[in-house]
Amino acid sequence: MTVLSTNSIRVLDIKYGTSVDGVGLRTSIYCAGCENRCVGCHNPQSWDERGGEPIEVEELFRLVEDADMNVTFTGGDPMFHPEGFTRLAQMIKERTRKTIWCYTGYRFEDLMRSESRRALLEKCDVVVDGRYVEAERDLTLHFRGSRNQRIIDVPRSLEAGEVVLVENV
Ligand code: SF4
């Protein structure tokens, strides 16, 4: 059985109008599949890359467009198998003015070393990076679970050649 396709994304859930996955009200797409296995992960049932239901990228784009909100990719880990999300991000950027946030357990520096992951990174406005670390847990943080995770301004980071954090979040 073929589990993965670059034309589709295995989706666990789509939430419309969420305010916890980035600034403002957003459409959040929760994908299946994560290899990071963070201790204390809030959603271990999302680790199985065969979970969820495959949805064609074109269909996801139509849902995003109809919802007319900015977009968040989360999971699971969208960077685990980034190809479908890269296609979706390309369509969003070519056809709309929506911003894209992406949550990932990989660190920015690791994403930069992977051709396929960097391709998705470069289409995102913001990446929240790093594994969830129980010892660094902090309930007062916005948009992240543990203090080691960083809310990164991707365009400014790529331009600077080093991580630049989003200010005032
Ligand atoms: S990266 Fe996210 S989904 Fe994956 S194990 Fe860590 S907390 Fe869970």
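Structure shown above.
Source: prediction; values computed, not measured.

Novice: Would you mind showing me how to read the nonpolar core here?
Specialist: Among soluble globular proteins, nonpolar side chains are generally buried collectively. Counting residues in each nonpolar core, the largest one holds 29 residues, and the members touching the most others are Ile9, Ile29, Phe73, Phe85, Leu88 and Ile92. Secondary-structure elements contributing two or more residues to this core are β1 (8–18), β2 (26–31), α1 (57–67), β4 (70–74), α2 (83–95), β5 (100–103), α3 (108–113) and α4 (115–121). A total of five residues in this core trace back to one element, the largest contributor, which is α2. With residues near it in sequence (within four places) discarded, Ile29 still touches Val11, Asp13, Leu60, Val64, Val71, Thr72, Phe73, Thr74, Phe85 and Leu88. Grouped together as the second largest cluster of nonpolar side chains are six residues, Tyr103, Val126, Val128 and Phe143 included.

Novice: I tried to follow unusual backbone geometry on my own but got confused; where do I start?
Specialist: Trans peptide bonds make up most of the peptide bonds, and negative phi angles are found at most residues other than glycine. That bond from Gly75 to Gly76 is cis: its omega, 15°, falls within 30 degrees of zero. Following the sequence through the fold, Gly76 ends up in the loop between β4 and α2. We note that Arg37 has phi near 50°; this positive angle belongs to a residue other than glycine. Within the secondary structure, Arg37 sits in the loop between β2 and β3 (53–56). Of note in the backbone geometry, Asn168 takes a positive phi value of approximately 60° without being a glycine. With respect to the secondary-structure elements, Asn168 resides in the segment after α5 (154–160). For Asn168, a relative accessible area of 79% corresponds to the exposed category.

Novice: Would you explain the sheet that holds β4 in this entry?
Specialist: Within a sheet, adjacent strands bond to each other through the backbone by hydrogen bonds, running parallel or antiparallel. Reading across the sheet, the seven strands line up as β3-β1-β2-β4-β5-β6-β7 and stay open at both edges, with mixed pairing between neighbours. Looking at which strands have only one partner, the edges of the open sheet turn out to be β3 and β7 (150–153). On average, each strand axis in the sheet is tilted by 30° relative to the strand beside it, whichever way the strands run. Judged from the five bridges that link them, β2 and β4 form a sheet pairing that is parallel. What sits directly across from Tyr30, in β4, is Thr74. Where α1 meets the sheet, it contacts β1, β2, β3 and β4, and its direction lies at approximately 5° from that of β1. On top of the sheet, α2 reaches β1, β2, β4 and β5; it is set at about 170° to β4, its chief contact.

Novice: Can you walk me through the site of the ligand in this structure?
Specialist: In the vicinity of the ligand, the residues found are Cys34, Asn36, Arg37, Cys38, Cys41, Ser46, Trp47, Gly76, Gly105 and Tyr132. When its residues are assigned to classes, the shell around the ligand shows five nonpolar, four polar and one charged.

Novice: What should I look at first to understand the environment of Val133 in this one?
Specialist: Along the chain, Val133 turns up in the loop between β6 (126–129) and β7. We classify Val133 as partly exposed; its relative accessible area is 31%. In this structure the C-alpha to C-alpha distance between Val133 and Leu60, which are 73 residues apart in sequence, comes to 31 Å. Those residues in contact with Val133 that sit more than four places away from it in its chain are Ser146 and Asn148.

Novice: For this particular structure, what's the right way to read α1?
Specialist: In an α-helix there are 3.6 residues to a turn, and that puts residues three or four apart on one side. Buried residues of α1: Val57, Leu60, Phe61 and Val64, and no others. Projected down its long axis, α1 carries its buried residues within an arc of 100°, all on one side. Buried residues along α1 sit against β1, β2, β3, β4 and α2. Among the residues trailing α1, Asp68 stands out with phi positive, at a value near 55°.

The rules we used
- Residues numbered from 1 in each chain as written.
- Predicted model: local features only at pLDDT ≥ 70, side-chain atom pairs only at ≥ 80, totals over all residues.
- Heavy atoms only, no water.
- Core = buried A, V, L, I, M, F, W, Y, C linked by side-chain atoms within 4.5 Å.
- Buried < 20%, exposed > 50% of the residue type's maximum accessible area, 1.4 Å probe, protein only.
- Helix = DSSP H or I, 4+ residues; strand = E, 2+ residues; numbered from the N terminus.
- Contact = heavy atoms within 4.5 Å.
- Pairing = 2+ DSSP bridges.
- Axes fitted to C-alpha atoms, helices over the stretch in contact; angles between N-to-C directions.
- Near = heavy atom within 4 Å.
- Nonpolar A, V, L, I, M, F, W, Y, C, P; charged D, E, K, R; others polar.
- Arc of directions from axis to C-beta.

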